[in-house]
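Here are the chains, one letter per residue:
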Amino acid sequence: MATITVEGIRHVANLARLEFNEEETEHFTEQLARILDYIGKLNELETDHVPPTSHIHPHQVFIMGSEAEASHVAKPDVVKPSYPREEVLANAPEAEEGYFGVPRVVDRSH
Amino acid sequence: MEGDSNTEHMKIQTTDTSPQGKLERLTAHVLHEKLKAREITAVELTESVYARIAAVEPHVKGYLTLTKELALAQASRADTGFQNGDDMPALAGIPIAIKDVICTQGVRTTCASKILETFVPPYDATVMTKLHEQGVVMLGKTNMDEFAMGSSTENSAYQITHNPWDLDTIPGGSSGGSAAVVSADTAICSLGSDTGGSIRQPAALCGVVGMKPTYGRVSRYGLVAFASSLDQIGPFTKDVTDCALLLNAICGSDAMDATSVDVHVPDFTQSLINDVKGLKIGIPKEYFTEALDAEIADRVHTAIAVLESVGATVEEISLPHTEYAIATYYIIAPAEASANLARYDGVRYGYRNESPEDLMDMYKRTRSEAFGEEVKRRIMIGTFALSAGYQDAYYRKAQKARTLIKSDFDAAFEKVDVIATPTSPTPAFKIGERTADPLQMYLSDVMTTPASHAGLPGISVPCGFVENGLPVGLQLLGAPFAEEKVLRVAYTFEQQTDHHRQKPPIATDGGVS
């Protein structure tokens, strides 16, 4: 298991789309180090031949990858109306002409 | 012990002599009889609960949103049914509170987070659809730890909920609001959600009944996701009978949730049998360590002795991986949360930073400004545990530990019908006591997370009080889909004791203790 560094915290924060000031970064580094230290307890367990549990009803659930024996639960492919566009957009911080509005991501000069 | 469950059931109803005008103190099954007999109306009942809310809610602060107008309209509809002599469902006209993590069409659903401050769901969660089919009266939405992350409800972005038994203490969490309002009689019953103990632990700390059904029993459609492989909706009630009635209403598979399981849903009121003769109750020695408060250990041992005295067989069992449950939980739940909470990006709903430099900056500022500290901490732990280079050492390792924890229970249920433990290692702690130390707070869940890993049904029922008057909960766990056995043991225990009838000081004098 790893020790967590200030640089590591900055990297993880970026992955999580979070940002912290210096003080917060140090605070989180210190706290996560303690928590991960506690979690290190799991290393006492011999698990080489133990299968992972991602779900308690694996036979029931649509699972990608390793549990190939899992039977897939699929809904009938039926077209149904979705929620009215206006109702869904009513919760959006910005909406325009029936679409969600976001800050510009494409530069028009190119 | 004599007679069948129905005669026992009737006895309770007829001996309940709470005065009129204190309707909010009664249980749903007693109120149903009064509604059916037209002794009272659902509107009177609803008004009575709101009067109680006006009196004590300023001290308890269990609700984030009240929906009185809507509630009175629903009550009035139920009354029409009762007046017409229709065959009304068991929960028709019954005032219920809903944890603010469950989507309610047209009613703001915040998850106690600033990021969803303005979110009004365009749809009802499946449990809400089912409750509305019963004709319930929705009182409002209850406070919680932000996104259900916490054990004290102190992580709400809006307010701190106070335990009705001692206003200086926490109500537990994350469903602290839903537990406190049932305890304070500001609701007849409520719904919460349980990921690592978020129904059972606050039920214990507030002296009410709280049950997490088997994972897959209840549809999670419309339950805002925290840790999808663990989350489950369940009821808070004033007794075990009401718990069975709520389970009857909310259980069942749902095409909208592929993890809901298509198994037979029994009539859970048939499990309200005052008899445990022949049932084997396992007592896991790992739950009775030095970390357990001595008074709690005493009350739980007394409760087990009560069950033994009426015919249950009690035997010590071992769940050897219990001590790894918290470490496992604090990898798996944050990992799933980090993925689930990626959706809060300021685009489709909720809070958005007003002046971002670009799209990436908008994501980061929106999330950093509107998530609380505990949510950020869990997202960080989870993102780390899933990140390149660490996934095998943390997430995969935790999934394997989860298998070992689950195997312990599988082996135990080969030998016993139900497992009995304390629900919480301590009674309610003081507000602010554990907020400085996240790890200390995480350890509050030590008795409840193991069963969550295994997806087991678990109930917490009141089993006494510590010397300073705070309630203690007895946790009863069953094998997957063995809710009926759990309810039967819980019901039998309840019939031998009157702990569930005790009211907090805030309730007896109509004022603050």
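These figures come from a predicted structure and were not determined experimentally.

Helix and strand content of chain A: three helices and two strands. Counting from the amino terminus, helix and strand elements in chain A follow one another as α-α-α-β-β. For chain A, buried positions account for 17% of its 110 residues. Taking as baseline every contact in chain A between residues at least 6 positions apart, the subset at least 24 positions apart corresponds to 24%.

A tally of helices and strands in chain B yields 17 helices and eleven strands. A compact globule built from 513 residues would reach a C-alpha radius of gyration of about 24 Å, and chain B, at 22 Å, matches this within 12%. By principal-axis analysis of the C-alpha atoms, chain B measures approximately 65 × 55 × 45 Å. For chain B, with 513 residues in total, the buried portion stands at 61%. A sequence separation of at least 24 residues applies to 76% of the contacts in chain B between residues at least 6 apart.

Residues and elements named next belong to chain B. Sheet architecture is open: eleven strands sit in the order E1-E3-E2-E4-E6-E5-E10-E11-E9-E7-E8, paired in mixed fashion. In the strand order of this sheet, the two ends are held by strand E1 (63–66) and strand E8 (313–317), each with one partner. Going from strand to strand, the sheet's axes swing by 30 degrees on average, the running direction of each strand aside. Two strands pair when backbone bridges link them, and strand E5 (residues 209–212) and strand E6 (residues 232–237) are joined in this way by two bridges, in the antiparallel orientation. What sits directly across from Val209, in E6, is Thr237. Of the strands in this sheet, E1, strand E2 (95–99) and strand E3 (137–142) are in contact with helix H4 (residues 68–83), which crosses E3 at around 155 degrees.

Okay, the environment of Gly210 of chain B next. Mapped onto the fold, Gly210 of chain B is located in strand E5. Between the C-alpha atom of Gly210 of chain B and that of Gly192 of chain B, which follows or precedes it by 18 residues, the distance is 8.6 Å.

Attention shifts here to the environment of Ala73 of chain B. Residue and element names in this part refer to chain B. Tracing the backbone through its elements, the reader meets Ala73 in helix H4. Note on Ala73: 13 C-beta atoms within 10 Å, which makes it partly exposed. It is 52 Å that separates the C-alpha atoms of Ala73 and Gln391, two residues lying 318 residues apart in sequence.

Nonpolar side chains in soluble globular proteins generally cluster together in the buried interior. All names here are of chain B. Residues Ile94, Ile96, Ile102, Val137, Tyr330 and Ala490 are the most contacted members of the largest nonpolar core, which totals 169 residues. With ten residues, the top contributor of residues to this core is helix H10 (residues 325–340). Look past the residues within four positions of Ala490 in its chain and what remains in contact with it is Val240, Ile459, Val461 and Leu476.

So, on to the pairing of strand E4 (residues 189–194) of chain B. All names here are of chain B. Of all six residues making up E4, six are buried, and the element is well covered by its neighbours. Here E4 shows a buried face lined by Cys189, Leu191 and Ser193 and a second buried face lined by Ser190, Gly192 and Asp194. The pairing of E2 with E4 spans three bridges and is parallel. Across the sheet, residue Ala97 finds its bridge partner in E4, namely Ser190. Summarising the sheet, E4 and E6 pair through five bridges and their orientation is antiparallel. By the bridge assignment for E6, Asp194 is matched with Gln232.

Each side of the interface is counted separately: chain A has 43 residues, and chain B has 55 residues. Mapped onto the side of chain A that touches chain B, the elements with two or more residues apiece are helix H1 (6–15), helix H2 (22–39) and helix H3 (85–89) of chain A. A total of seven residues in the side of chain A that touches chain B trace back to one element, the largest contributor, which is H2 of chain A. Of the residues that constitute the side of chain A that touches chain B, the class distribution is 29 nonpolar, eight polar and six charged.

Moving on, we get to the confidence of the model for chain B. Residue and element names in this part refer to chain B. Model confidence for chain B is summarised by a mean pLDDT of 94, while 95% of its residues fall at 70 or above. In the model, residues 508–513 has pLDDT below 50 throughout and makes eight contacts with residues more than four positions away in sequence or in other chains. For this predicted complex, the interface confidence score (ipTM) comes to 0.89, while the overall pTM stands at 0.94.

Residue and element names in this part refer to chain B. By the largest-angle criterion, Ala54 marks the main kink of helix H3 (residues 42–60), which is about 45 degrees, and a proline, Pro58, follows within four residues. Within H3 the residues assigned to the buried category are Ala42, Leu45, Thr46, Ser48, Val49, Tyr50, Arg52, Ile53, Val56 and Val60. Taken from the residues just after H3, Lys61 is the one with a positive phi, measuring 55 degrees.

Residue and element names in this part refer to chain B. It is at 10 Å that the axes of helix H9 (residues 294–309) and helix H16 (residues 483–496) come closest, and there the two elements cross at 95 degrees. Between H9 and H16, the angle falls in the class roughly perpendicular. Packed against H9, whose contacting residues are Ala303, Val306 and Leu307, the element H16 presents Val489, Thr492, Phe493 and Gln496 at the interface. Looking at the contact of H9 with H16 residue by residue, the class counts come to five nonpolar, two polar and no charged.

All right, on to the environment of Leu292 of chain B then. Position of Leu292 of chain B among the secondary structure elements: in the loop between strand E7 (280–284) and H9. Ignoring anything within four residues of it in the chain, the contact list for Leu292 of chain B reads Ala297, Pro422 and Pro425 of chain B.

Residues and elements named next belong to chain A. A residue-level look at chain A finds 81% of positions with pLDDT of 70 or above and a mean pLDDT of 84. Of all helices and strands in chain A, the one with the weakest mean pLDDT is H3 (93), whereas H1 scores best (96). Within the model, pLDDT remains below 50 along residues 60–71, and this stretch shows 19 contacts once partners closer than five positions in the same chain are excluded.

A few words on unusual backbone geometry. Residue and element names in this part refer to chain B. A cis amide bond, omega 10 degrees, links Gly173 with the succeeding residue Ser174. Structurally, Ser174 can be placed in the loop between E3 and helix H6 (176–183). Its identity as a non-glycine residue notwithstanding, Asp185 has a phi of 60 degrees, on the positive side. Take Asp185: it is sitting in the loop between H6 and E4.

In this section: the pairing of E7 of chain B. All names here are of chain B. In this sheet, E8 lies alongside E7 in parallel orientation, the contact comprising five bridges. Note that in E8 the partner of Lys280 across the bridge is Thr313. In this fold, E7 hands off to H9, which returns the chain to E8; that crossover is right-handed.

Conventions and cut-offs
Residues numbered from 1 in each chain as written. Chains lettered and ligands numbered in written order. Predicted model: local features only at pLDDT ≥ 70, side-chain atom pairs only at ≥ 80, totals over all residues. Helix = DSSP H or I, 4+ residues; strand = E, 2+ residues; numbered from the N terminus. Buried ≥ 20, exposed ≤ 12 C-beta atoms within 10 Å, placed from the backbone. Contact = placed C-beta atoms within 7 Å. Rg over C-alpha atoms; globule rule 2.2 N^0.38 Å. Pairing = 2+ DSSP bridges. Axes fitted to C-alpha atoms, helices over the stretch in contact; angles between N-to-C directions. Core = buried A, V, L, I, M, F, W, Y, C linked by C-beta atoms within 7 Å. Nonpolar A, V, L, I, M, F, W, Y, C, P; charged D, E, K, R; others polar. pLDDT = per-residue confidence, 0-100. Bend = angle between axes of the 7 residues up to and from the residue. Parallel < 35°, antiparallel > 145°, perpendicular 65-115°, else oblique. Right-handed = clockwise from strand over helix to strand, strands pointing away.

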